[in-house]
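Per-entry structural report
Each chain, letter by letter, is given below.
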Amino acid sequence: MAEDAMAVVSSGELELIPKIHEKTWTHWMEGIRDWCISRQLWWGHRIPAYYATWANDGAKAGTEDPSRWVCGRSVEDALQKAAAQFGVPSQDIKLTQDPDVLDTWFSSALFPFSVMGWPKNTRDMELFYPGTLLETGHDILFFWVARMVFFGRKLIGKLPFKQVYLHAMVRDAHGRKMSKSLGNVIDPMDVINGITLEELHAQLEQNSNLDQKEVERAKAGQSSDYPKGIPECGTDALRFALCAYTSQGRDINLDVLRVNGYRNFCNKLWNATKFAMLHLVPPFSPLPSLTQLQHMVMNRLKASTEPPTCNGPLKSPTTALSSWVNSSRLRALDDHFSHSSYVSGHQPSQEDVKLSKYLSCQLNTKSCLSQHSPEHMLHLTRWLRHMESYSAGERRNFPDTTAGDACCRDALEDLELQLPNGKGECGDTTTAGQPSLTVADRWMLSQLGVAVRDCNAGFQDFNFQAATSALYSLWWYNICDSYLECIKPRLYGEPCADRHAAQQVLWTCLHTGLRLISPFMPFLSEELFQRLPLPAGEQQPPESVCVAPYPETDDVSGGVVGMK
């Protein structure tokens, strides 16, 4: 059986994760010894072995003959075997069953198929055996995992599972194995609900068989590690912390303070969603699919790469306009933007909006710039592209200032004379009123796409630390610290296409982010997910976030369009 167990691992038929445990597996199999399967316990599967005696059998009192032991599926089966083996009529034989029970690992090795009704060929056996994945601790790789493989191959002819994920051992913050005598045993319920130092001491007195010296030693250890007790952290924070710890390898040095840090992360997630919900109220309605959100991305890209068309016709080209284009004005503007970010200095203003509109709408700037030496137009081109990256809502919020540089003032005055309405306005563009996404929106969607990619890869590779790290960065740094702060002026503004775009992206982030984090924080994500507004056309929310589709990378791929 040991040779067969080595063969299935070396061939890849059975995969051990992480692969570092394959060496341990081989070491155990090569050094295999006889297995004492009996235990002197008061519970368990009693060993089906019987000692046979009969009248005038010649046995000495107080002695035991090993050859008198027989095994059978039942007493009747053992009796028939004893009668045939010893040549004694069955009615004259007395059988005494061994009082010992089978080793716990022997009974556990039968678990994968005994729960399916084995040895009967049940419907459950056909449907559910073999399984796919076993998750357990690496410390019982031989005691349990190997024995299940032995019995599955020997009794059923199939492996009980195809993959084995071996998690780390949980130790205290100092790397010591948890021990009652050291007082460093961490009860998960104490981390979830919180406990005072006095209550920890009381547990040692009430639920321990340690002598008084060991109790005092344990109390000293508790006072050192938890001087203020263990704060209430909650189930989700503990679950998230344990998954985040999986990168440490064979052992987890569990620090309760780090678990408490993830409790703060839970609070951050709750408060961010609560704030967002204040701005996701009717008449706002989420888009029914991400396809429409991707169209908003494309609208923005189209608006930023193609000059918009004007509603009003241009005046007939005049000598003044032609001379303006062919004069040194463009070079003067390019020189201005070589040392200044905007028309009036280092902050954008309405003068920047006017000048960029004039150049884009009235002069076919791309063609004009191409007529001049590229090295003289780099700064003006950079400024124009930068101005095109702002949304209509952002442009409206720019302050009113006066152009400080003479070349900018002259350019604005000359160009105003050439406009059809004479008011310094270029007119509405073909994309006016249509919601489009700003650079901040597209950046947020790109970060959401990265998180979805990393989470799926983390689950695929059993790299849970990578998944938790991606989720922490998404929620704390990207959504809470960056995007929410960036869009607050838009959320507090008047209803418009720009505000609607921010709401759609924010809802997408919440809806996707909660589904992403639900395997790690099922309770918090469930509570918040059920409160999100429903997309248009949906009457009932999903029964649970646990059964909602897990986000796939393709779902949010549109968010990274143009963000290369």
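Numbers given for residues are sequential positions, taken from 1 along each chain in its written order. Totals for whole chains, interfaces and linings use all residues, but because this is a predicted model, local features are given only for residues with pLDDT of at least 70 and pairs of side-chain atoms are given and counted only at 80 or more. Here the side-chain values reflect all heavy atoms present in the structure, with hydrogen atoms and water set aside.

A look at the overall build of the protein
Where we set the bar: Helix and strand definitions here come from DSSP, where helices need a minimum of 4 consecutive H or I residues and strands a minimum of 2 consecutive E residues; each element is numbered from the N-terminal end. Computed by Shrake-Rupley with a 1.4 Å probe, the accessible areas treat only the displayed protein chains as cover when residues are assessed.
The number of helices and strands found in the protein is 24 helices and ten strands. By element, 53% of the accessible surface of the protein is carried by carbon and sulfur atoms, the whole surface being about 30,200 Å².

Describing the packing of aromatic side chains
Stated formally: Any two of the Phe, Tyr and Trp rings considered here, Trp counted by its six-membered ring, make a pair once their centres fall within 6.5 Å; the pair's planes then place it as stacked at under 30 degrees, edge-to-face at over 60, or tilted in between. The rule for a charge over a ring is simple: NZ of Lys or CZ of Arg within 6 Å of the ring centre, and within 35 degrees of the ring normal.
Taken as a whole and assessed by the stated rule, the structure comprises 26 aromatic pairs. Ring centres of F142 and F143 lie 6.0 Å apart, and the angle between their planes is 70 degrees; on these two criteria the pair is classed as edge-to-face. Through a chain of ring-to-ring contacts, the aromatic side chains of Y165, F240, Y262, F265, F459, F462, F464, Y472, W476, Y477, F520 and Y550 assemble into a single cluster. Positioned above the aromatic ring of W476, the side-chain terminus of K268 is 4.8 Å from the ring centre.

So, the sheet that holds strand β4 (residues 69-71)
Applicable threshold: Strand pairing is assigned whenever DSSP detects at least two bridges linking the two strands. Between N-to-C directions, angles cover 0 to 180 degrees, with each direction set by a line fitted to C-alpha atoms, over the stretch in contact for helices.
In spatial order, the strands read β4-β3-β5; together these three strands make up an open sheet with antiparallel pairing. Every other strand in the sheet has two partners, leaving β4 and β5 (93-97) as the edge strands with one partner each. Direction aside, the axes of adjacent strands within the sheet are offset by 40 degrees on average. Here strand β3 (residues 49-54) runs beside β4; their pairing, made up of three bridges, is antiparallel. What sits directly across from A49, in β4, is C71.

Examining the pairing of strand β8 (residues 163-167)
What counts, and what does not: The handedness of a crossover follows from its direction of travel: if, with the strands pointing away from the viewer, the path from the first strand over the helix to the second runs clockwise, the crossover is right-handed.
Sheet analysis places strand β1 (residues 15-17) next to β8, joined by three bridges and oriented parallel. Each residue of the ladder has a partner; that of E15, found in β8, is Q163. Strand direction decides the pairing type here: strand β7 (residues 133-137) and β8, joined by five bridges, are parallel. In the sheet register, G137 faces β8, and the bridge partner there is H167. Taken together, β7, helix α7 (residues 141-156) and β8 constitute a β-α-β crossover, and its handedness is right-handed.

Concerning helix α15 (residues 329-339)
Since the α-helix advances by 3.6 residues per turn, residues separated by three or four positions end up pointing in the same direction. Note the following rule: Residue exposure (1.4 Å probe, protein chains only): buried if accessible area is under 20% of the type maximum, exposed if over 50%, otherwise partly exposed. Summarising the geometry, the arc corresponds to the directions from the helix axis toward the C-beta atoms.
The complete set of buried residues in α15 reads L330, L333, D334, H336 and F337. Down the axis of α15, the smallest arc covering the buried residues is 160 degrees, so these residues share one side.

Quick word on the packing of helix α23 (residues 497-517) against helix α24 (residues 522-529)
Cut-off, in case you're wondering: Every angle not falling under 35 degrees, over 145, or within 65 to 115 is termed oblique; those three ranges are roughly parallel, roughly antiparallel and roughly perpendicular. Should the near helix be turned counterclockwise from the far one by less than a right angle, the crossing is left-handed, whereas a clockwise turn marks it as right-handed. What makes two residues a contact is simply this: any of their non-hydrogen atoms within 4.5 Å. When residues are grouped by polarity, Ala, Val, Leu, Ile, Met, Phe, Trp, Tyr, Cys and Pro land in nonpolar, Asp, Glu, Lys and Arg in charged, and all others, Gly among them, in polar.
One can describe the packing of α23 onto α24 by two numbers: an axis separation of 9 Å at closest approach and a directional angle of 155 degrees. When the interaxial angle is binned, α23 and α24 end up roughly antiparallel. The two elements α23 and α24 meet at a crossing, and its hand is left-handed. Residues H511, L514, R515 and I517 of α23 form the contact with α24, whose participating residues are S525, L528 and F529. Partitioning the contact of α23 with α24 into residue classes produces four nonpolar, two polar and one charged.

Overview of the nonpolar core
Worth spelling out the cut-off: For this analysis, a nonpolar core means a set of buried residues of the types Ala, Val, Leu, Ile, Met, Phe, Trp, Tyr and Cys, connected via side-chain atoms within 4.5 Å.
With 69 residues, the main nonpolar core has V259, F265, L269, L474, W475, L506 and I517 as its most contacted residues. Those elements giving two or more residues to this core turn out to be α8 (188-193), α11 (235-244), α12 (256-277), α21 (439-460), α22 (464-491), α23 and α24. Sorting elements by how many residues they give to this core places α22 first, with twelve residues. With sequence-adjacent residues up to four places away left out, V259 is seen in contact with V191, C233, A237, L238, A241 and L254. Among the nonpolar cores identified, the runner-up in size contains 33 residues, and W25, F106, M116 and V149 belong to it.

So, the pattern of salt bridges
Quick note on the threshold: Any carboxyl oxygen of Asp or Glu within 4 Å of a side-chain nitrogen of Lys or Arg constitutes a salt bridge here.
Scanning all chains against the criterion turns up twelve salt bridges. Across the salt bridge formed by R153 and D4, the nearest N and O atoms sit 2.8 Å from each other. Residue R153 is located in helix α7, and its partner D4 is located in helix α1 (residues 2-10); the two are separated by 149 residues in the primary sequence. Its relative accessible area of 28% is what places D4 among the partly exposed residues. For D481, the salt bridge identified is with K268, shortest N-O distance 3.2 Å. Here D481, found in helix α22, pairs with K268, found in helix α12; they are 213 residues apart in sequence, far enough to count as distant. Assessed through its relative accessible area of 35%, D481 is described here as partly exposed. When salt bridges that share partners are traced, they join D4, E13 and R153 into one network.

Quick look at the sheet that holds β7
Neighbouring strands of a sheet are bound in pairs by backbone hydrogen bonds; such pairs are parallel or else antiparallel. The three strands are arranged β1-β8-β7 in an open sheet whose pairing can be described as parallel. Only two strands of the sheet have a single neighbouring strand rather than two, namely β1 and β7. Between one strand axis and the next, the sheet turns through 20 degrees on average, direction left out of account. Its contacts with the sheet place α7 against β1, β7 and β8, and it is angled at close to 160 degrees to β7.

Notes on the confidence of the model for the protein
As a reminder of what qualifies: Confidence of the predictor at the level of single residues is captured by pLDDT, which takes values from 0 to 100.
With 80% of its residues at a pLDDT of 70 or more, the protein has an overall mean of 80. At the low end of the mean pLDDT range in the protein sits helix α14 (residues 319-326), at 44; at the high end sits α24, at 96. Per-residue pLDDT stays below 50 along residues 369-374; that stretch engages in eleven contacts with residues further than four places along the chain or on separate chains.

Considering the pairing of β3
The buried fraction of β3 is high, at five of six residues. Of the strand pairs in this sheet, β3 and β5 are connected by five bridges, and their pairing is antiparallel. Residue T53 lies in a different strand from β5, and its bridge partner there is K94.

Overview of the environment of S544
This is how it is decided: Counted as a polar contact is a pair of N or O atoms within 3.5 Å, where, for protein atoms, one must be capable of donating a hydrogen and the other of accepting one, and residues adjacent in sequence contribute only when both atoms are in side chains.
Relative to the helices and strands, S544 is located in the segment after α24. Sequence spacing of S544 and Q530 is 14 residues, and the spatial spacing of their C-alpha atoms is 7.7 Å. Look past the residues within four positions of S544 in its chain and what remains in contact with it is E526 and Q530. A polar side-chain atom of S544 sits 2.5 Å from a polar atom in the side chain of E526. Of note is the side chain of S544, whose polar atom sits 3.0 Å from the backbone nitrogen of C546.

Here we look at unusual backbone geometry
The linkage connecting W118 with the following residue, P119, adopts the cis geometry, with an omega of 15 degrees. Among the secondary structure elements, P119 is positioned in the loop between α5 (111-114) and α6 (123-128). At the junction of P282 and P283, the peptide bond is cis and its omega measures out at 10 degrees in the coordinates. Examined against the element boundaries, P283 turns out to sit in the loop between α12 and α13 (290-305). Backbone geometry at F462 places phi at a positive 60 degrees, although glycine is not the residue there. Mapping F462 onto the fold places it in the loop between α21 and α22.

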